[in-house]
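# Coordinate inspection notes
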Amino acid sequence: MSVARPTTVADAIDALSAAPDADLLAGGTDFMVEVNFGHRRPRRIVALRRVDELRGWRRVDGVYDLGALVTYRQIEDELADELPAFAAAARTVGSPQIRNAGTIGGNIGTASPAGDALPLLAALDAQVVCDGVDGRRTMPLREFIVGPKQIERRDGELIARVRFDRCRGPQHFLKVGQRNAMAISLVSLALVADIDARRVRVGIGSAAPRPVRPAEAEAFASAAIDWTTGDIAPDDVAAFADMVAAATSPITDHRGTAEYRVHAVAVLARRALQRAVRDLADGPDIADGPEMRRQR
Amino acid sequence: MTQPSTVNDESVTYGLRVNGREHGVQAGWLGESLLYVLRERLGLPGAKNACEQGECGSCSVLLDDVLVCACCVLGADAVGSDIRTVEGIGQPDSLTDVQCAFLAEGAVQCGFCTPGLIVAVHDLLDRSPDADELAVREAISGNLCRCTGYGRIFAAVAAVQRERADA
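Residues numbered from 1 in each chain as written. Chains lettered and ligands numbered in written order. Predicted model: local features only at pLDDT ≥ 70, side-chain atom pairs only at ≥ 80, totals over all residues. Heavy atoms only, no water.

### Structural notes on the packing of helix α2 (residues 97-104) of chain B against helix α3 (residues 114-127) of chain B
All names here are of chain B. The cut-off we apply is this: A fitted line through C-alpha atoms serves as each axis, taken over the contacting stretch for helices, and the angle formed by two N-to-C directions is quoted from 0 to 180°. Labels follow the DSSP assignment, with helices taken as runs of H or I lasting at least four residues and strands as runs of E lasting at least two, numbered in each case from the N terminus. For this classification, under 35 degrees means roughly parallel, over 145 means roughly antiparallel, 65 to 115 means roughly perpendicular, and everything else is oblique. Working rule for handedness: look at the near helix, and if it is turned counterclockwise from the far one by less than a right angle, call the crossing left-handed; if clockwise, right-handed. When checking whether two residues touch, look at their non-hydrogen atoms; a contact exists if any pair is within 4.5 Å. All residues other than Ala, Val, Leu, Ile, Met, Phe, Trp, Tyr, Cys, Pro, Asp, Glu, Lys and Arg, Gly among them, are scored as polar; the first ten of these are nonpolar and the last four charged.
Across the interface, α2 lies against α3 with an axial gap of 10 Å and an inter-helix angle of 125°. With respect to α3, the axis of α2 lies oblique. The interaxial crossing formed by α2 with α3 has right-handed handedness. Contacts between α2 and α3 pair Asp 97, Val 98, Gln 99 and Phe 102 from the former with Thr 114, Leu 117, Ile 118, Val 121, His 122 and Leu 125 from the latter. For the contact of α2 with α3, the class distribution of residues is six nonpolar, three polar and one charged.

### Details of the domain arrangement of chain A
All names here are of chain A. What counts, and what does not: Domains are outlined according to an automatic or database domain assignment. What counts as buried area is the accessible surface, traced by a 1.4 Å probe, that two parts surrender upon association, with contributions from both included. Take a side-chain nitrogen of Lys or Arg and a carboxyl oxygen of Asp or Glu: if they are within 4 Å of each other, that pair is a salt bridge. N or O atoms within 3.5 Å of each other form a polar contact, as long as, within protein, one can give a hydrogen and the other can take it, and as long as residues adjacent in sequence are counted only when both atoms are side-chain atoms.
Each assigned domain of chain A is listed with its residue range as follows: domain 1 (2-165) and domain 2 (171-283). With 26 residues of domain 1 at the interface, the matching set in domain 2 holds 23 residues. In total, domain 1 and domain 2 occlude about 1,900 Å² of area from one another, counting both sides; carbon and sulfur atoms represent 60% of this. If you look at where domain 1 meets domain 2, you find three salt bridges. For Lys 175, the salt bridge is made with Asp 116, and the minimal N-O distance between the two is 3.0 Å. There are 12 residue pairs in polar contact (both at pLDDT 80 or more) connecting domain 1 and domain 2.

### Thoughts on a positive patch on the surface
Condition: Each patch is built from residues that are more than 30% exposed by relative accessible area and take part in no salt bridge. Like charges join if they lie within 9 Å; nonpolar side chains (Val, Leu, Ile, Met, Phe, Trp, Tyr) join within 5 Å. A 1.4 Å probe and the Shrake-Rupley method give the accessible areas. Residues count as covered only by the protein chains that appear here. When charges are counted, Lys and Arg contribute as positive and Asp and Glu as negative, whereas His and the chain ends are disregarded. Charged side chains are reduced to one point each, which is NZ for Lys, CZ for Arg, CG for Asp and CD for Glu.
A contiguous patch of positive charge on the surface is contributed by Arg270(A), Arg271(A), Arg275(A) and Arg278(A). Structurally, the position occupied by Arg271(A) is in helix α11 (residues 258-281).

### A closer look at the side chain of Arg49(A)
Position of Arg49(A) among the secondary structure elements: in the loop between β3 (44-47) and β4 (57-60). Within the structure, the side chain of Arg49(A) is placed 2.7 Å from the backbone oxygen of Asp77(B), a separation counted as a polar contact. Looking at Arg49(A), its side chain comes within polar contact range of the side chain of Ser81(B), at 2.7 Å. Beyond its immediate chain neighbours, meaning those up to four positions away, Arg49(A) contacts Leu25(A), Arg55(A), Leu69(A), Leu63(B), Asp64(B), Asp77(B), Ala78(B) and Ser81(B).

### Regarding the pairing of strand β4 (residues 60-63) of chain B
All names here are of chain B. This is how the line gets drawn: Working definition: with a 1.4 Å probe on protein chains only, accessible area under 20% of the residue-type maximum means buried, over 50% means exposed, and in between means partly exposed. Strand pairing is assigned whenever DSSP detects at least two bridges linking the two strands.
Here β4 shows two buried faces, one formed by Ser 60 and Leu 62 and the other by Val 61 and Leu 63. Relative to strand β5 (residues 66-69), β4 runs antiparallel, the two being bridged by four bridges. In the sheet register, Val 61 faces β5, and the bridge partner there is Val 68. Here β4 folds back onto β5 in antiparallel fashion, the turn holding two residues, of which Asp 64 has a positive phi close to 50°. Here two bridges tie β4 to strand β6 (residues 82-84), and the two strands are oriented antiparallel to one another. Bridge pairing in β6 places Leu 62 opposite Arg 84.

### A word on a nonpolar patch on the surface
Among the surface-exposed residues, Leu95(B), Leu103(B) and Val108(B) lie close enough to one another that they form a single nonpolar patch of about 240 Å² accessible area. Structurally, the position occupied by Leu103(B) is in helix α2.

### Considerations on the pairing of strand β11 (residues 171-176) of chain A
Residue and element names in this part refer to chain A. Of all six residues in β11, five are buried, a share of seventy percent or more. Sheet topology note: the β11/strand β12 (residues 187-194) ladder contains six bridges and is antiparallel. Bridge pairing in β12 links Gln 171 to Val 192.

Shown next, in the form of C-alpha cells:
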C-alpha cells in the first residue's frame, strides 16, 4: 500500500499515472468510513488535501468556479448570500466536524443518490471538470454521474472543479431525513426560479439512481407562473408537485419506502415552488438575492 | 522535518506532529485512521473510539486548527499538519477554564463524550467567544452525549463565556 501526498495538480496526475487505479482521498468522510469498516481495502491512495489549486472558489463573468476541495463549511459561510439553496444544502450535511472536512468534489466523486449538494448542482446544470494524464475534460454533472456511486471518472483522472452559470432568482433546498440533524436524506429537492430565462429548474436527490431533473414538470411550472407577479393557480402547484413525483423512481431501503419517497418528493416540490413564487411576489429585491441588492 | 511525498508499505513509518511534539509512527498498515494511530500507536487515548463513521464526535481533534473527526482522517494523510488532541488542551494539574466549568456545572457524567466536547467547545469559544445559544447548540451538534441531556453542558459553556467576559 502507498499514500501519495501531492501539492499540485500536476504532481497529483503524475502520482495517478504511476498508479491509475489509485483511490483519491479528499475530506475522508466517506472514504475513511469504508476503510474503518473493512468495506474498502485501498492499495494505493492519492491524497489531495495539500493541492492548493483545488481550494477556493471564484465567480468570473457570471460563472461560478469551485475547486473540488471546497468544503461544506465554506459553502455555508461564504456562499449563503449568493447561493442560499446551496448553503442550505451544505448546512444539512452531517455535523460541523463533517462539514469542516467534506468537500464538493468528494460529494460528486462518491455520487451517492443521497449526496446533498447534487440536487442543486443538477438544477443549475453544473459541469464537472476533470484533469488527468490525457488533459482536461468537462462534462455535465448529469452525464458524469451514471448511477448510484458510479461516475465517468477515468483511470488517471481527478475531479478538479465544478462550474455553473449564475442564476438570478429565488432558490430553495428542502430535505427530508429521519430527523432534522445529522440525517442522510430520504429525499431532497432543490428548486431555482430562473427569472431571466423565466424557467423553473428542479433537482431531486435520493429518489432515483442519480439526480433527477423533472423536465415535464419544469416546463409546466415555467408556463404556469406569472413571472411579473409570482401568481400561480393552486391547482397548477398541485399538478406540478404530482409531475415532479412522477419523474422519480425511488427504491425501498432501510431508511424508507419507495411509496413514502414519492409522497415526500411531491410535498417538497409543492413547498419549494410556493416559497419561490412568494419570493417573486415579494418583489425584485427578493428575487435578485442580497448580492444584487448590494450592487444597486 | 521533511517528509517523503509518498509513503510505501516497505517503510510504514511516518512522522506526526501532535500537541506540538513530533512523533514517529510505526503503523501496521497505511490505512489506519488518525484516531487509531493516536490511540494505538502513540498512546494518546483522549480521543475516544465509538462510531468510526463521523457521527458521534467523540474523536474530535483539531487538524490545522479545524475541528474534525479523527476517525475520518487517514493517519498517513495527517503528515505535516498540526494535530491537537484533548491531551494538548489541559493537564491534570492545570485544567482549562472549559474543563473546570464542565466539572463545576456537572457537565460530565460517564465522561466518554467529554474529551470530544472539550475540544469542540474550545474551538467554538476561540472562534466566536460571544456565540449565542443557537450557535453553541449548532457547534456541539456533532458531539453526542447520551447521559447529560446537554443542559449541564450548555450551562458550562455559558459559565465560561461569563468568566471570560468578566476577565
